[in-house]
Amino acid sequence: MENIRNQTKNFFLRILNIPFAFLMHAIDLIMWPIQKIIGVRNMPYIFLLPNLIFFGLFVIIPLVANFFFSLSSGDELLFAERELPTTKQYDQLFDCESYLNPNTCTEDFFWRGVYNTIFFVVFQVGLMIFFSVLTAVILNKKIIGRGFFRSVFFFPVLLSPVVVGLIWQWILLKNGAFNAIIESYGGDKVSFLTDPSWAMASVIFVSIWAHMGFYTLIVLAGLQAIPPNLYEAAEMDGTSRERIFFRITLPLLMPNLLVVFILASIKGVQTFDEIYVLTGGGPGTSTSLIVQYIFTTGFASSGSVQNFGLAAAASMVLGVVLLFLTLMQLYFSRNKESKHQEI
Amino acid sequence: MSETASRIIKIATKKRYKNKYHWTDYFSYFYLFLGVLLMFGPVVWLGLSSLKTLAGIQEYPPTILPLSQIQVDVEGYDKPLPIFNVTQEDGSVKQLAQIKRIGINAKMVDPLNPGETVKVPIDKREKIREFKIQWENYVDPLRKYDFLLYFKNSTFITVVATIITLIINSMAAYALSIYEFRGKNFALVFVIGTLLIPLTIILVPVFYVVANFGMINSLWGVILPGAATPTGVFLLRQYMLTLPRELIEAARMDHASEWAIYWRVVLPLSIPAIAVLAIFSIMWRWNDFLWPLIVLSKSEVYTLQIGLNAFHGELTSQWNYVLSMTMVTLLPIAIIFAYLQKFITTGIASTGMK
């Protein structure tokens with residue numbers, strides 16, 4: 001039985017291999033003369049080329065172009081038809097009587113986005129770290145069905161933002177499952193998504209639900225890296241479990257938590273899709289973050305014009321924030337030699 | 001000597017903790033139970049509800065299983081009427097069909113005797129249910145709406161983008177791991193640099209580049225911008241660095257071209273890392289939302305994610321179709337997860353990427 005299965009598997013792999021091998025042989029017909037001409041020493045450049053072309057076209061050129069977009073005005077996408085140079089976009093973005101009150105700003109939508117993002121990131125990241133540590137510590141214990149529980153907590157990470165948004169929008173409806181549960185325990189119905197103060201809480205909750213598993217996994221890896229003899233020694237000394245947690249686990253976990261903190265902040269600041277599906281940034285602007293502002297001004301302006309310049313200027317502001325967070329990450333990961341330093 | 005001593009101590013300490021449950025143990029199981037409900041519940045709930053009729057979905061408070069109310073055709077009424085068990089004044093129970101509800105009373109009719117109507121207080125009636133699975137929820141949207149097309153578009157993007165990503169990323173990783181050449185460090189820094197620039201901060205100019213290539217409203221406009229992934233290059237490079245150099249030298253002795261060394265020696269040996277990248281790429285592409293949302297504005301090029309979102313926007317009340325199509329959207333990823341769970345979690349834990 002096993003043998004037959006292996007044979008069929010090999011058979012299918014071989015069939016899949018045919019077009020692959022054909023393609024590779026065909027490319028070799030081009031690569032071989034190139035190698036003859038430029039020599040083996042220069043071949044790595046050929047191998048690097050396609051990737052670098054893609055990076056150049058879709059990352060480096062856009063990065064430079066972003067400056068031009070943010071420093072030029074007009075409704076056209078083509079550079080030739082844009083007014084250059086001007087700081088109009090930045091003037092407009094930062095035109096506020098008081099930065100603490102978004103209502104006094106010309107671009108009040110942007111500033112509400114900024115404050116919403118700060119609020120969102122503080123609570124989302126804080127709660128996410130708390131719950132991922134709690135979950136990871138529990139999953140690291142000798143419990144029955146550990147593998148099952150791990151996959152349960154990890155599972156939502158793989159769901160697409162649209163799926164997450166739609167599932168929760170439906171559950172949090174006025175006549176949804178959540179309200180049914182609340183009412184069955186004698187509570188009052190809550191408008192989770194249409195009441196401005198509840199909408200933000202719901203959005204934070206859903207976003208934690210969707211991403212917690214990822215950070216739990218990183219914390220779990222950190223927990224498993226703590227040498228077990230430390231625990232044994234502590235147990236022999238009769239240390240209480242609370243003390244073991246605060247004196248051994250938490251301090252040794254700190255480098256990991258720092259990575260989680262920065263990764264979660266970098267992701268949190270850029271949150272867009274789940275919220276876009278869940279509330280669309282509403283009610284009003286109560287759950288719209290910075291990326292939502294960039295998207296709306298640049299690509300989905302209702303009615304009149306798409307303001308590419310303004311969107312580019314706003315993304316420059318976002319870029320500065322992310323640069324700061326990333327430098328922090330590089331600094332700390334160099335210091336602590338943490339294993340997980342990639343985004 | 002000391003080993004036996006430590007073993008004795010170990011046994012002694014074990015005994016101290018045995019049979020003694022700490023409060024954290026109780027809390028752990030309570031937390032896990034709650035976690036299963038909260039994490040898994042919504043998806044199970046989605047699956048069950050996607051099999052209900054629209055009326056069953058809109059029912060409040062909702063039923064857990066797809067139990068729908070039985071409806072009958074009554075002579076003289078256009079629509080099928082829902083039937084109830086009605087407790088009558090003498091205590092007997094009779095099946096009546098409801099015509100409409102007026103305040104706390106319901107206007108009802110006996111299906112066997114459609115001539116007369118009776119007024120029944122609503123607390124005297126109880127719904128009659130049957131277990132009924134509404135497969136139409138899955139069939140209708142595929143037939144009436146363009147979901148089959150969206151599915152095809154999503155599959156095309158996922159497959160083609162993953163193939164391109166795997167080929168060009170493994171080529172770059174091969175160059176950066178096997179060779180020593182001038183500018184290698186620069187290339188490495190360059191790749192690290194792109195890691196730090198997420199799409200969200202260069203949305204406008206990437207759109208500009210894609211527009212210049214005429215790829216707006218084309219699936220290629222979604223595929224190409226994200227094809228070169230710095231994380232992919234890194235993952236593959238770290239793996240290729242561990243391959244023995246002797247193999248490559250031996251192949252070179254046999255006059256293999258560099259390209260042949262790449263695809264006949266290095267690629268087959270890097271399959272574990274390539275598989276991890278392939279899974280990630282499939283996940284990224286299938287779930288991608290923001291960029292397709294910007295590039296694709298015509299419904300014939302929508303991906304499943306965009307189509308689902310747009311469909312939901314147009315037909316907010318058609319939750320039965322929205323739920324079933326949400327199921328269809330998450331199913332491929334769920335199947336991949338079920339089979340390759342361990343692969344995915346170790347991949348994330350060892351690279352820290354998502």
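The structure displayed is predicted, hence computed values, not measured ones.

(A) Seen up close, the pairing of strand E5 (residues 105–110) of chain B. All names here are of chain B. Here 5 bridges tie strand E4 (residues 93–102) to E5, and the two strands are oriented antiparallel to one another. Note that in E5 the partner of Ala97 across the bridge is Val109. Linking two consecutive strands that pair antiparallel, namely E4 and E5, is a turn of 2 residues; a positive phi of about 60 degrees is found at Gly103 within it. Hairpin connection of E5 to strand E6 (residues 113–121): 2 residues between the antiparallel strands.

(B) Summary view of the domain arrangement of chain B. In terms of domain boundaries, chain B breaks down into domain 1 (71–127) and domain 2 (145–314). One C-alpha centre belongs to domain 1 of chain B, the other to domain 2 of chain B, and the line joining them spans 62 Å.

(C) Structural context of the confidence of the model for chain A. Residues and elements named next belong to chain A. Looking at chain A as a whole, the pLDDT averages 84, with 92% of positions reaching at least 70. Confidence, read as mean pLDDT per element, is least for helix H3 (residues 88–93) in chain A (77) and greatest for helix H4 (residues 108–139) (92). Low pLDDT, under 50, characterises residues 337–343; the predicted model gives this stretch 21 contacts beyond four residues in sequence or across chains.

(D) Quick peek at helix H2 (residues 43–70) of chain A. Look at H2 of chain A: 39 Å from first C-alpha to last across 28 residues, which is about the 40 Å you get at 1.5 Å a residue. A maximum bend of about 45 degrees is found in H2 of chain A at Leu49 of chain A, where proline Pro50 of chain A lies one to four positions downstream.

(E) Quick peek at the pairing of strand E3 (residues 81–87) of chain B. Residues and elements named next belong to chain B. Across 2 bridges, the pairing between strand E2 (residues 71–72) and E3 is antiparallel. Considered in E3, the bridge of Gln71 is made with Pro82. When E3 meets E4, the two strands line up antiparallel, connected through 5 bridges. In the strand pairing of E4, Val86 is matched with Lys94. By the bridge criterion, 3 bridges tie E3 to strand E7 (residues 125–127) in an arrangement that is antiparallel. Of the residues in E7, the one forming a bridge with Val86 is Arg125.

(F) Structural context of unusual backbone geometry. Residues and elements named next belong to chain B. A positive phi angle, near 60 degrees, is found at Asn217, a position not held by glycine. Residue position: Asn217 is located in the loop between helix H7 (203–212) and helix H8 (219–223). Here His255, not a glycine, exhibits a phi torsion of approximately 60 degrees, which is positive. Exposure remark for His255: the 7 C-beta atoms within 10 Å place this residue in the exposed category.

(G) Molecular detail of the interface of chain A and chain B. Across the boundary between the two partners, chain A contributes 80 residues, which contact 80 residues of chain B. Here the element with the most residues in the side of chain A that touches chain B is H2 of chain A; it accounts for 17 residues. Broken down by class, the residue content of the side of chain A that touches chain B amounts to 57 nonpolar, 15 polar and 8 charged.

(H) A look at helix H10 (residues 241–269) of chain A. For H10 of chain A, spanning 29 residues, the distance from its first C-alpha to its last is only 36 Å, which falls clearly below the expected 42 Å at 1.5 Å a residue. Within H10 of chain A, the axis deviates most sharply at Met254 of chain A, by approximately 55 degrees, and proline Pro255 of chain A lies no more than four positions further along.

Here is what the cut-offs are and how they apply
Residues numbered from 1 in each chain as written. Chains lettered and ligands numbered in written order. Predicted model: local features only at pLDDT ≥ 70, side-chain atom pairs only at ≥ 80, totals over all residues. Pairing = 2+ DSSP bridges. Helix = DSSP H or I, 4+ residues; strand = E, 2+ residues; numbered from the N terminus. Domains from an automatic or database assignment. pLDDT = per-residue confidence, 0-100. Contact = placed C-beta atoms within 7 Å. Expected span 1.5 Å × (residues − 1). Bend = angle between axes of the 7 residues up to and from the residue. Buried ≥ 20, exposed ≤ 12 C-beta atoms within 10 Å, placed from the backbone. Nonpolar A, V, L, I, M, F, W, Y, C, P; charged D, E, K, R; others polar.

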